[in-house]
Amino acid sequence: MPQSGITDMAGFELGEPALVCRWRLANRQLPLTNRHMRALMARMINGEHVTSELAAWAKQHIEWTLEQGAAENPNGTLMLIVDTDKRAAMTVGPYVSLPNTTLNALAHRATKAQNEAMATGVAPETLWLVCDGHLVWNLGEGHSPSGTSSLVAQLAQTLGIPVETRADLLDGLVAQTISFDEAFLVSDEHGVVPASDAQGPHGQRMAQGYQRLLDKTR
């Protein structure tokens, strides 16, 4: 059962974390709240899906206490932590941009997120490649998209850009069996991050679309 709302965590201790969600804020609000909630309910803890009770608790505290809880970091990062006993807490901290945005660094992050999804069913960060005008991204077999990944997929569809998923994309990247023109990371915390050494118009377009969402929220 959830035990705490948005807090500085003082005097409150969770057990071993089973799930940590990091969501980007804008002007003390959470863009993509409904998408994040759908992705939250698709996640698993100890082999069981997140309960509707926990998701309702999270949404309630976002609606009721986020404005006050994010006063010091209005454009920071909202963290939802759930332990193995399914006790939960929320906290807000400052946003820190990625120090390294090379393709290798972004692929490493996507690999870690994919490993996380093996337990939770949702990867908070995914790598997207542009291959002959198509967008191809790593979505594991049986996994669900994160809130931001679902947004980018829909944005691409609106723009008429074909989108494909490949569970073995990251392996193919390592083996150099995939030919691509550009690459970018899609992250619930960092938004759309074009690779500094593999940039292009598609990634920049998606990054601009995500930034417009933040600006509109502000």
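These lines cover the structure that appears in this document, whether it is placed above or below. This structure is a prediction, so every number in the text was calculated from the model and none was measured.

**Some details on the overall build of the protein**
Of regular secondary structure, the protein possesses six helices and 10 strands. The principal-axis extents of the C-alpha atoms in the protein amount to approximately 50 × 40 × 30 Å. Among the 218 residues that make up the protein, the fraction classed as buried is 51%. Excluding contacts between residues fewer than 6 apart, the proportion of contacts in the protein whose partners are at least 24 apart in sequence is 68%. Summed over all atoms, the accessible surface of the protein reaches about 10,600 Å², with 47% contributed by carbon and sulfur. Averaged over its 16 positive side-chain charges, the protein has a centre that lies 7 Å from the centre of its 23 negative ones.

**Observations concerning the packing of helix H1 (residues 33-42) against helix H4 (residues 147-158)**
Between H1 and H4, the least distance of the axes is 8 Å, while the angle of their chain directions is 120°. As judged from the angle between their axes, H1 and H4 are oblique. Considering the relative orientation of H1 and H4, their crossing is right-handed. Each of Arg35, His36 and Ala39 in H1 lies in contact with H4, whose residues at this interface are Gly147, Thr148, Ser150, Leu151 and Gln154.

**With respect to unusual backbone geometry**
For Arg28, which is not glycine, the phi torsion reads 65° and is therefore positive. With respect to the helices and strands, the residue Arg28 is situated in the loop between strand E1 (17-24) and H1. The exposure class assigned to Arg28 is partly exposed, which follows from its relative accessible area of 31%. With phi around 65°, Leu32 is a residue other than glycine that occupies positive phi space. Positionally, Leu32 belongs in the loop between E1 and H1. By relative accessible area, Leu32 is classed as buried at 15%.

**Let's talk about the packing of aromatic side chains**
Going through the model one piece at a time under the given rule, you end up with two aromatic pairs. Each ring, one from Trp128 and one from Trp137, has its centre 4.6 Å from the other, and the planes form 5°; the classification is stacked. A relative accessible area of 0% places Trp128 in the buried class. Clustering of aromatic rings is evident, with ring pairs tying together Trp128, Trp137 and Phe184. The ring of Tyr95 has Arg24 sitting right over it, with the charged end atom 3.7 Å from the ring centre.

Cut-offs used in this document
Residues numbered from 1 in each chain as written. Predicted model: local features only at pLDDT ≥ 70, side-chain atom pairs only at ≥ 80, totals over all residues. Heavy atoms only, no water. Helix = DSSP H or I, 4+ residues; strand = E, 2+ residues; numbered from the N terminus. Buried < 20%, exposed > 50% of the residue type's maximum accessible area, 1.4 Å probe, protein only. Contact = heavy atoms within 4.5 Å. Areas by Shrake-Rupley, 256 points an atom, 1.4 Å probe, with all protein chains shown as cover. Lys, Arg positive; Asp, Glu negative; His and termini not counted. Charge placed at Lys NZ, Arg CZ, Asp CG, Glu CD. Axes fitted to C-alpha atoms, helices over the stretch in contact; angles between N-to-C directions. Parallel < 35°, antiparallel > 145°, perpendicular 65-115°, else oblique. Left-handed = near helix turned anticlockwise from the far one by under 90°. Phe/Tyr/Trp six-rings, centres within 6.5 Å; stacked < 30°, edge-to-face > 60°. Lys NZ or Arg CZ within 6 Å of the ring centre and 35° of its normal.

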